[in-house]
Amino acid sequence: MDSATLTVADGLAVLTLNRPEAANALDLALKTALLDGLRAIAADDTVRAVLIRAEGRNFCVGQDLGEHAHALTRSPERAMDTVAEHYNPLISGIAALEVPVVAAVQGACVGAGLGLALAADVVVAAESASFATAFTAIGLASDSGLTRTLVDAIGAVRTRAFLLLGTKISAAQALDWGLIAQVAADDEAAASAEAVARRLAAGPTAAFAAVKSLVAASLPPLDEALERERAGAVPLAATADHTGAVEAFLAKRRPAFTGR
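In this text, all values refer to a predicted model and were calculated from it rather than measured experimentally. (Residues numbered from 1 in each chain as written. Predicted model: local features only at pLDDT ≥ 70, side-chain atom pairs only at ≥ 80, totals over all residues. Heavy atoms only, no water.)

1. Structural notes on the overall build of the protein chain
- On a plain count of helices and strands, the protein chain comes out with 10 helices and nine strands.
- Taking 260 residues into account, the globule formula puts the C-alpha radius of gyration at 18 Å, and the protein chain, at 18 Å, falls close to it.
- When the backbone C-alpha atoms are referred to their principal axes, the protein chain occupies close to 55 × 35 × 35 Å.
- Residue burial in the protein chain is summarised as follows: out of 260 residues, 49% are buried.
- Pairs at least 24 apart in sequence give 72% of the contacts found in the protein chain among residues at least 6 apart. (Helix = DSSP H or I, 4+ residues; strand = E, 2+ residues; numbered from the N terminus. Rg over C-alpha atoms; globule rule 2.2 N^0.38 Å. Buried < 20%, exposed > 50% of the residue type's maximum accessible area, 1.4 Å probe, protein only. Contact = heavy atoms within 4.5 Å.)

This is how it looks when you write it as structure tokens:
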């Protein structure tokens, strides 16, 4: 199967993460397919709204750590190249779309998967969905624009706690914090998200583009946040804390951090 699929009909583009057997962990194939899909959407003037969704029980658990472990072994100094090559273009590409973007989230939405969801304009989550950052659990800080999108949504105090503690929050708590826009029953969430996307696709797209532009202009530049995250990730990837935590995760044991 393709790692991601794209369909366009009646003005709605549906971009689907399609690695359900891996909880839609972001490996090279999936990241590349998502980038290809976004470029196709941006070039298609028939698209009036976008729905980002995922197959399986989970939306996305973030970077595929098995693949990342191989990158650390093969070429540790280049292990974080994926941030500049894939994650930053994915997040900036979603944000740059002039049409509304809806994310439909079920199950786990973690790390870079959370970054993908929060890059959308409207997030609709299933009641049983959960959200987490998870970066510090493997000795990293943040990527995928989360230091901008989280602060925008929930403020600096909650963002610091969310990133530092790596706490998992429920869909209800995410809604209460203002992290997401809507929660629906598990068996209705996918249809609810699609209904929101179709409503937007039938709306005044010029006005929607203006709304997106005006809101973006009131916020710190996303590209600057993405670059700061990239620059911060490179030295952290070289630490013993990070490599040891990745090994511990894959071995299903608790990491021991030393600050080195």
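2. A short note on the packing of helix α4 (residues 112-119) against helix α5 (residues 146-165)
- Remark: α4 packs on α5, axes separated minimally by 10 Å, with the N-to-C direction vectors making an angle of 125°. Classified by the interaxial angle, the pair formed by α4 and α5 is oblique. Across the interface between the two elements, Leu114, Gly115 and Leu118 of α4 pack against Leu146, Thr149, Leu150 and Phe162 of α5.
- Looking at the contact of α4 with α5 residue by residue, the class counts come to five nonpolar, two polar and no charged. (Axes fitted to C-alpha atoms, helices over the stretch in contact; angles between N-to-C directions. Parallel < 35°, antiparallel > 145°, perpendicular 65-115°, else oblique. Nonpolar A, V, L, I, M, F, W, Y, C, P; charged D, E, K, R; others polar.)

3. Re the environment of Ala193
- Counting through the fold element by element, Ala193 comes out in helix α7 (residues 189-201).
- Separated by 15 residues in sequence, Ala193 and Gly178 place their C-alpha atoms 17 Å apart.
- With residues up to four places along the chain from it excluded, the contact list for Ala193 reads Leu51, Val102, Ala104 and Val124.

4. Quick notes on helix α2 (residues 65-74)
- Those residues of α2 lying buried are Leu65, His68, Ala69, Ala71 and Leu72. Projected down its long axis, α2 carries its buried residues within an arc of 160°, all on one side. Turned more than 90 degrees from where α2 packs its buried face, His70, Thr73 and Arg74 sit exposed.
- Considering only its buried residues, α2 is in contact with α9 (222-237) and α10 (240-250). (Arc of directions from axis to C-beta.)

5. Here's the deal with unusual backbone geometry
- A positive phi angle, near 55°, is found at Asp10, a position not held by glycine.
- Checked against the element boundaries, Asp10 lands in the loop between β1 (4-9) and β2 (12-17).
- In this structure, Asn24 is a non-glycine residue whose phi angle is positive, near 60°.
- Note that Asn24 resides in the loop between β2 and α1 (28-43).

6. Side note on the environment of Thr136
- The topology assignment puts Thr136 in the loop between β7 (130-132) and α5.
- Through-space distance from the C-alpha of Thr136 to that of Leu116 is 18 Å; in sequence the pair is 20 residues apart.

7. Regarding the pattern of salt bridges
- Inspection of the entire model under this criterion finds 11 salt bridges.
- The residue Arg19 makes a salt bridge to Asp27 at a minimum N-O spacing of 3.5 Å.
- A salt bridge links Glu194 to Arg198, with the shortest nitrogen-to-oxygen separation between them at 2.9 Å. Here Arg198 and Glu194 lie together in helix α7, a separation of four residues that amounts to about one turn.
- By relative accessible area, which is 33% here, Glu194 ends up partly exposed.
- Judged by its relative accessible area of 37%, Arg198 falls in the partly exposed class.
- Within the structure, one salt-bridge network assembled from shared partners comprises Arg19, Glu21, Asp27 and Asp64. (Salt bridge = Lys/Arg side-chain N within 4 Å of Asp/Glu carboxyl O.)

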